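# Notes for the structure review
So the chains spell out like this:
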Amino acid sequence: MLINCTAYQHGRKLADIPVEAIRDTLQQPDTFVWVALKDPSANELAVMKNEFDLHELAIEDANHRHQRPKVEEYEDELFAVMHLVEEREGKLQVGEVHVFVGANYILSVRNNHERDFLGVRARCEREPKMLAKGPGYVLYALMDAVVDGYFPLIEKLETEVEALEERIFTRGAARSNIRRLYRLKRKVTLLRHAVLPLMEAAGKLHSGRVPEVCAKSRHYFRDVYDHLARINASLDGIRDTIGTAIQVNLSMVTIDQTEISKRLAAWAGIFAVATAFAGIWGMNFNHMPELTWEYGYLFGLGVIASAASFLWWRFRKAGWL
Amino acid sequence: MLINCTAYQHGRKLADIPVEAIRDTLQQPDTFVWVALKDPSANELAVMKNEFDLHELAIEDANHRHQRPKVEEYEDELFAVMHLVEEREGKLQVGEVHVFVGANYILSVRNNHERDFLGVRARCEREPKMLAKGPGYVLYALMDAVVDGYFPLIEKLETEVEALEERIFTRGAARSNIRRLYRLKRKVTLLRHAVLPLMEAAGKLHSGRVPEVCAKSRHYFRDVYDHLARINASLDGIRDTIGTAIQVNLSMVTIDQTEISKRLAAWAGIFAVATAFAGIWGMNFNHMPELTWEYGYLFGLGVIASAASFLWWRFRKAGWL
Amino acid sequence: MLINCTAYQHGRKLADIPVEAIRDTLQQPDTFVWVALKDPSANELAVMKNEFDLHELAIEDANHRHQRPKVEEYEDELFAVMHLVEEREGKLQVGEVHVFVGANYILSVRNNHERDFLGVRARCEREPKMLAKGPGYVLYALMDAVVDGYFPLIEKLETEVEALEERIFTRGAARSNIRRLYRLKRKVTLLRHAVLPLMEAAGKLHSGRVPEVCAKSRHYFRDVYDHLARINASLDGIRDTIGTAIQVNLSMVTIDQTEISKRLAAWAGIFAVATAFAGIWGMNFNHMPELTWEYGYLFGLGVIASAASFLWWRFRKAGWL
Amino acid sequence: MLINCTAYQHGRKLADIPVEAIRDTLQQPDTFVWVALKDPSANELAVMKNEFDLHELAIEDANHRHQRPKVEEYEDELFAVMHLVEEREGKLQVGEVHVFVGANYILSVRNNHERDFLGVRARCEREPKMLAKGPGYVLYALMDAVVDGYFPLIEKLETEVEALEERIFTRGAARSNIRRLYRLKRKVTLLRHAVLPLMEAAGKLHSGRVPEVCAKSRHYFRDVYDHLARINASLDGIRDTIGTAIQVNLSMVTIDQTEISKRLAAWAGIFAVATAFAGIWGMNFNHMPELTWEYGYLFGLGVIASAASFLWWRFRKAGWL
Amino acid sequence: MLINCTAYQHGRKLADIPVEAIRDTLQQPDTFVWVALKDPSANELAVMKNEFDLHELAIEDANHRHQRPKVEEYEDELFAVMHLVEEREGKLQVGEVHVFVGANYILSVRNNHERDFLGVRARCEREPKMLAKGPGYVLYALMDAVVDGYFPLIEKLETEVEALEERIFTRGAARSNIRRLYRLKRKVTLLRHAVLPLMEAAGKLHSGRVPEVCAKSRHYFRDVYDHLARINASLDGIRDTIGTAIQVNLSMVTIDQTEISKRLAAWAGIFAVATAFAGIWGMNFNHMPELTWEYGYLFGLGVIASAASFLWWRFRKAGWL
């Protein structure tokens, strides 16, 4: 689905143009065309391939989707893939943006994701000085928007981790904790798959041999790289914390187990003593003097109660009860 | 076993030729020969060595099999080894393809694997413009076919992991879970051994000093590299998830153990109380007034039942029962 | 909030100047301006941006805060971010210093941190020869002060780890140990996030292509780098030790559990024997000769006591009691 | 002990020569001397040092033994150390070969190892064309023989791992499994110490700046490197598998423990019920109507048996028995 | 404390000179001064700083101590820090040597360590040809002595690990094993902190751009590097083994726990059966025929004994007893 197709000159919007006019517009000096597609059909992509002379392999990737984040150079054309991650009903959903950038065009293709990039376009159009840097700057603006979308997810993960931290030292929550930790780990893994390769790709756009089309925006790509590095550091921290939390949770369960064993042992002991005494006075020997005492029964109950109390007190002191 | 032996000129099939004609055909300009063997004998390989002037060490490797994936340069000859992995009866079987590539020939040798590469040849012949890039492009086409064969395995592993994820939080399945996790881990290890060195080798064919014969297909090898990188990232994710799942499974078993201990402790306590009371009224003291009451027995049973019920209620409330 | 705004010439303090005079002062030869801000508003930063011609992206970072430590070059301007870590009420609090360094100015911005850098300024003013090296030396002095602030934290962590080491082999402290270990791990993670990227950044200021403004202080930055490397090695050591301690703690809990099981088993056995004997002599068979013996009861108690004592002695010898 | 001392010209054996003739023989063009020693005394090494002008540090290393595998360059002399590993009585024994290689000599010193290299010499002498490449080729031949000696060990380790895989899911074998896993781990560690540094060293002999004496055999060293890489990948796989197997074994033990607890709980419950009923009918209340029934005893036994059976059936269904 | 202050010319001792004469002596051609200090005061270091013109930062480090091992270049001056590790009363104590090396002087400062370097000096003086290489060779000799001091510690650690290996499969030693393993781990960590950075530093003295003063002794530094690499490999091996041993120890404890549970379950079962039978015959039903049999009591005891024996035999066979 075509969202926009606009020509810009010296950083200012010239006009929305029909797709067929692209090829001609590209001939004008100091002009570039910015096209936005959403979940395009193979046909729509084929049309774009023709208008912009895109590289076959890049188009193939865009058709197949499920690419990992990357920035690839084909002669004077750049092909970038980024993952759009959003949370829907507690699960992370991954969409993709494919961006084709040339000296005088930029084509962004959004797949399987609700949030659009109209805000990015509006912001770019408000700053003609920036937009005048050309398609490279637009690539930066898109990348910046994608990366900004990761921050709330990271913050949510950090909040969840902190909430869990309180819980792992609470008794009885082990089963649900381990479940949550596992789910958090999975989310972190998914985000890392979006962040790490993109960081690597952004690195290539600001240091070493930077592609021509991005050269003027090099500082901006370093800024994106820096955001990704920060996100990545946070993810590493969360990952590490989850690993420790799983170990801690297991330790807490084992400690719980030990405490229950102690309590079990203590009560078993108390009742075993009571039962043993009762058993002894239940024996049928003919001559058991205390059985004939007037207050023998009370005496017996008293002995049993005393022994049980004594044990109870001992176990209490030892911290078993 | 010889599968094919065909000469191509300017990307078009010239003719199937007999093995003895290879040496002569190689003299013709803009022509290359593409030979396919399957589980060849040492003799067949020796013939090929003669016709194509292959390097002794490469031929030795092809004879020994059990090579790890690699791409080696011998002067102007390339020798590539790739692993073909397929699932037969729930187990992963590893076959090998050895490919010898020169300026005007390509020899592919398939070992211990059912799937053939006729589809690759047909596709190449349909695109003469591509095939005109020479043997390097054929190497790419073979490599691409091999790598494409990994995707369904990865998807199957991911499905298995997801199925297990449901199960590790289910009680009573720990024993079979751990078995499955172990088997999955082994499969991942095997696939990594196929993917990781091949990725490294593909890297050398698209960046830095690219061998002459592959130079024209450099973008294509980057595409293969990219696919391998994606597979590798998936494998890393699966590996990581399996590691966590093993830990989680152990935690679940320990939690189960704790819950069983609690239940055991609870019932032991209830019966111990009943037994202790019964023991007390079973004592033989002469003066035990309640024994002579008319409804003494009922009273006794009532006390026992009340105590047991009270305990049961307490344990229930504490979540032990 | 403006803390200081001072001009220096040939390493000596010239005068405190008003903010509006900065731009003029920067025109004088061999002179640089050192401004210190604390928790500045966006407005204050905008003023500074104007006076010093700071790069927009750097100012944006300074406005957003929550940056990871880094040193970035914008043409002939350096932008450094460092984390200030201090312990308040047992928790580590992270503040930030942002430093903008140019050929003839240095602007340091302190956020969310109590400790000021007046000591650094005083020390610098006492050593005009050093200060004459220019803003690069001031950057070093600030960095050195920040890094020196990490040492007491590291020492405290090491003391806590050593205190825990004594405790993990003590019985009954497992629950609080695991809690402390977890908290220590979190503190280490937080400090690593402050130290590791700063170390990387400091590395770029002393080896390879060093930014012009720092060239004269290169040996000093290596010194800072070295301190960070030492801190980092300590953190790695603590981290590793915490990991081992968590494993050891779990082992100790499991060993405790085993010992409790043994004791439980031993006492259960002793009472089970007593109860079994009492039960036997409580049976109602008509002909049980020992029941009619004159000292039958004593004999019975003796048998029970002997059996229990024998078991007690056996268990004692086996180390179960 | 001197094993051989032979001169070769143009790849063909010239003659066995006495040690004293070495220095003179080295003067002849296109000639090299190949000496083999076994567990030499310091004296023997001193003689060789003189004849070949070997570097003092290399000789010191050869005297001390216990070197890690390496290839060192001393001007135009190469000094290589390789580990010979063999299994004697179920334990891995490590011997060492030290090889000194110069432009026209090769001296191999074998320490603490039974297998000799006569086969290598014979094979070399059968291929004069190869041997004509000089001492570098002999170094390759020796290295190849050493590395070939690792393969059977790897295969044995893999067989042992596979045998263990069957056993870790078997009940009751945990104790011996863990012992075997530990021993396997130790063997893997030992082999890695032999393989990893040698791989690194072999890497330096085929890529980058290759020492003069090995230049002609560079492809051969790549072949050795490749074998080592394959061995190393296998070792990594085994290592990884052992790590997982240890975790799995612990999980299996814990699962076993849980199952035993369940069974224990079940039987304890069944007997506790029987004992409680028996205790109740053993009470001495005057009015317990069922005691006077004619078939009261049978009724009592019936109740006990029914209760016990019911519990048994319930536990059975729940999978506890 | 000054230990030595000696001038050397052409590798031969010239004379012990007073500290004040250093500056003059340094003027003489082909002469260098070697000073050794032990736990010097700040004053003594200040004097040396003057005589040798040492860099302020290096002197600061020497004053502060607690440096990590390193080799730093200050123009034509080298500053090296090495850790001296010795075992006192079962604990590893870390001392430090700081070495300042220039074109014609070497100053070694030993801190907090008993062992002196007189042996190194004596050995150097016995080999004038070596000593003639200048201060760089002395640095090598000192480094070699320090590194040689690590070997006995490594051997002791390896012996301790082997001793523990026997013990972890022994029952009942788990508690002390885990304690020992923890202590070993700590020692390994401490040694790694001494070895790893020194290895890195030694690497810089033999490959790449080697500092002028060490150029002539480059092969010797490679030798030191090699020793450190060997030590490091041993430490890695020990570390890895300790990690596995901790896991194995935990597994053994869990296995022990399982076996105790089984035994507990078995005996509990046996006594429960005895008690249940005794309880049944202790019931007060009027008509219990076996109670009136003449040999009823014997019959009862027989039944109890048979049941118990049968269970005992079953448990024995199942390996629970």
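Everything discussed here concerns the structure shown above.
The following paragraphs examine the structure supplied in this document. (Residues numbered from 1 in each chain as written. Chains lettered and ligands numbered in written order. Predicted model: local features only at pLDDT ≥ 70, side-chain atom pairs only at ≥ 80, totals over all residues. Heavy atoms only, no water.)

## A look at the interface of chain E and chain D
- Listed by partner, the interface residues are 52 residues for chain E and 48 residues for chain D.
- Interface area, chain E with chain D, both sides summed: about 4,500 Å², of which 60% is carbon and sulfur.
- Inspection of the region where chain E meets chain D yields 8 salt bridges.
- Here E:D240 ties to D:R239 by a salt bridge, and the two come within 3.4 Å at their closest N and O atoms.
- On the surface where chain E and chain D come into contact, there are 21 residue pairs in polar contact (both at pLDDT 80 or more).
- At the level of secondary structure, the elements contributing two or more residues to the side of chain E that touches chain D comprise helix 7 (150-168) and helix 9 (218-281) of chain E.
- Broken down by element, the side of chain E that touches chain D gets its largest block of residues, 35 residues, from helix 9 of chain E.
- Residue composition of the side of chain E that touches chain D, by class: 23 nonpolar, 17 polar and 12 charged. (Contact = heavy atoms within 4.5 Å. Buried area = accessible area lost by both parts, 1.4 Å probe. Salt bridge = Lys/Arg side-chain N within 4 Å of Asp/Glu carboxyl O. Polar contact = N/O pair within 3.5 Å; in protein donor to acceptor, adjacent residues only side chain to side chain. Helix = DSSP H or I, 4+ residues; strand = E, 2+ residues; numbered from the N terminus. Nonpolar A, V, L, I, M, F, W, Y, C, P; charged D, E, K, R; others polar.)

## Observations regarding the relation of the copies chain E and chain D
- Expressed as a screw transformation, the operator carrying chain E onto chain D has a rotation angle of 72 degrees and an axial translation of 0.1 Å, and the superposed copies differ by an RMSD of 0.1 Å. Seen this way, the second copy is the image of the first under a five-fold rotation axis. For chain E, the smallest separation between a C-alpha atom and the rotation axis is recorded for E:G282, amounting to 4.7 Å.
- Looking at chain E, a mere 19% of its interface residues are interface residues in chain D too, so the copies touch through different faces. (Least-squares fit on C-alpha atoms with pLDDT ≥ 70 in both.)

## Looking at a negative patch on the surface
- There is a patch of like negative charges on the surface, built from A:E155, A:E158, A:E162 and A:E166.
- Along the chain, A:E155 falls in helix 7 (residues 150-168). (Patch = residues over 30% accessible without salt bridge, like charges linked within 9 Å, V, L, I, M, F, W, Y side chains within 5 Å. Areas by Shrake-Rupley, 256 points an atom, 1.4 Å probe, with all protein chains shown as cover. Lys, Arg positive; Asp, Glu negative; His and termini not counted. Charge placed at Lys NZ, Arg CZ, Asp CG, Glu CD.)

## Considerations on unusual backbone geometry
- Of note, C:D53 is a non-glycine position whose phi angle comes to about 60 degrees, a positive value.
- As for its position among the elements, C:D53 is in the loop between helix 2 (42-52) and helix 3 (56-64).
- Judged by its relative accessible area of 59%, C:D53 is exposed.
- One non-glycine residue, E:E89, lies in positive phi territory at about 50 degrees.
- Inspection of the secondary structure assignment puts E:E89 in the loop between strand 5 (77-88) and strand 6 (91-102).
- For E:E89, a relative accessible area of 83% gives the class exposed. (Buried < 20%, exposed > 50% of the residue type's maximum accessible area, 1.4 Å probe, protein only.)

## What about the pattern of salt bridges?
- In total, this model carries 90 salt bridges over all chains according to the counting rule given.
- Its salt-bridge partner being C:E87, residue C:K187 comes within 3.1 Å of it at the nearest N-O pair. Residue C:K187 is located in helix 8 (residues 174-204), and its partner C:E87 is located in strand 5 (residues 77-88); the two are separated by 100 residues in the primary sequence.
- The partly exposed category is assigned to C:E87, whose relative accessible area is 25%.
- What you see here is one network of salt bridges that share partners, running through A:D61, A:R68, A:K70, A:E72, B:R222 and B:D226.

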